[in-house]
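# Architecture and fold: a report
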Amino acid sequence: MLFKYFKLKHKSTDKNILGHWILDPEDMTSLEIYGNISIQFKANSELIYTIHSDNRDQIILMTYEIKGGILITDQPSSPQKEQTKFNLVSKDRLELFFGGEKSSYIRK
């Protein structure tokens, strides 16, 4: 019974990333690097990465998996797995660490 508890608890940690996240408007460095972006994690391992602009949004469909504190993403149209460290600071704040840069996201 104790094993089931810890197993479920570990799986629910991965589910905490599910949902729609926007780049924190106060994270000026990340806004300069990435622009106005949002990311949506779905339960079926789909990741929707959206670059918002005045004219139109560019949507990139990806897949993801989580192993420990690492987010592994892949873009099926141009396959190449990328690994990004992440930290769920709270239920509404996510930090990603990629290429030596930290970006902060807030839950939408």
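A few points on the structure. (Residues numbered from 1 in each chain as written. Predicted model: local features only at pLDDT ≥ 70, side-chain atom pairs only at ≥ 80, totals over all residues. Heavy atoms only, no water.)

## Comments concerning the sheet that holds strand β7 (residues 93-98)
Which entries qualify depends on this criterion: If DSSP finds at least two bridges between two strands, the strands pair. Secondary structure follows DSSP: runs of H or I at least 4 residues long count as helices, runs of E at least 2 residues long count as strands, and numbering of each begins at the N terminus. Axis definition: a line fit to C-alpha positions, over the contact stretch in the case of helices; interaxial angles, taken between N-to-C directions, run 0 to 180 degrees.
Pairing is antiparallel in the closed barrel, where 8 strands are placed in the order β1-β2-β3-β4-β5-β6-β7-β8. Along the sheet, successive strands turn relative to each other by an average axial angle of 35°, direction set aside. One ladder, built from 5 bridges, connects strand β2 (residues 37-41) with strand β3 (residues 46-51); its direction is antiparallel. Its bridge partner being in β3, S38 is matched across the sheet by T50.

## Quick look at the layout of surface pockets
Convention followed: Any residue with an atom within 4 Å of a point lines the site, the site being either a cavity, points on a 1 Å grid over the protein atoms alone where a 1.4 Å probe fits but cannot get out, or a pocket, an open set with protein on both sides within 12 Å along at least 5 of 7 lines. Grid points are joined across faces, edges and corners, and a volume is the space filled by probe spheres set on the points. Throughout, the ten residues Ala, Val, Leu, Ile, Met, Phe, Trp, Tyr, Cys and Pro are labelled nonpolar, Asp, Glu, Lys and Arg are labelled charged, and all others, Gly among them, are labelled polar.
Computed from the structure, the largest pocket encloses a volume of approximately 500 Å³. Every residue lining the largest pocket is counted, 21 residues in all, and those nearest its centre are Y49, M62, T73, T84 and F98. When contributions to the lining of the largest pocket are tallied by element, the ones reaching two or more residues are β2, β3, β4 (58-67), β5 (70-74), β6 (82-90), β7 and β8 (101-107). Of the residues that constitute the lining of the largest pocket, the class distribution is 12 nonpolar, 6 polar and 3 charged.

## What to know about the environment of L88
For the record, the criterion: Each residue is assigned to one of three classes by its accessible area relative to the maximum for its type, calculated with a 1.4 Å probe on protein chains only: buried under 20%, partly exposed between the two thresholds, exposed over 50%.
Inspection of the secondary structure puts L88 in strand β6. Classification of L88 as partly exposed rests on a relative accessible area of 23%. Put simply, L88 and I17 are 71 residues apart on the chain and 7.5 Å apart in space, counted from C-alpha to C-alpha.

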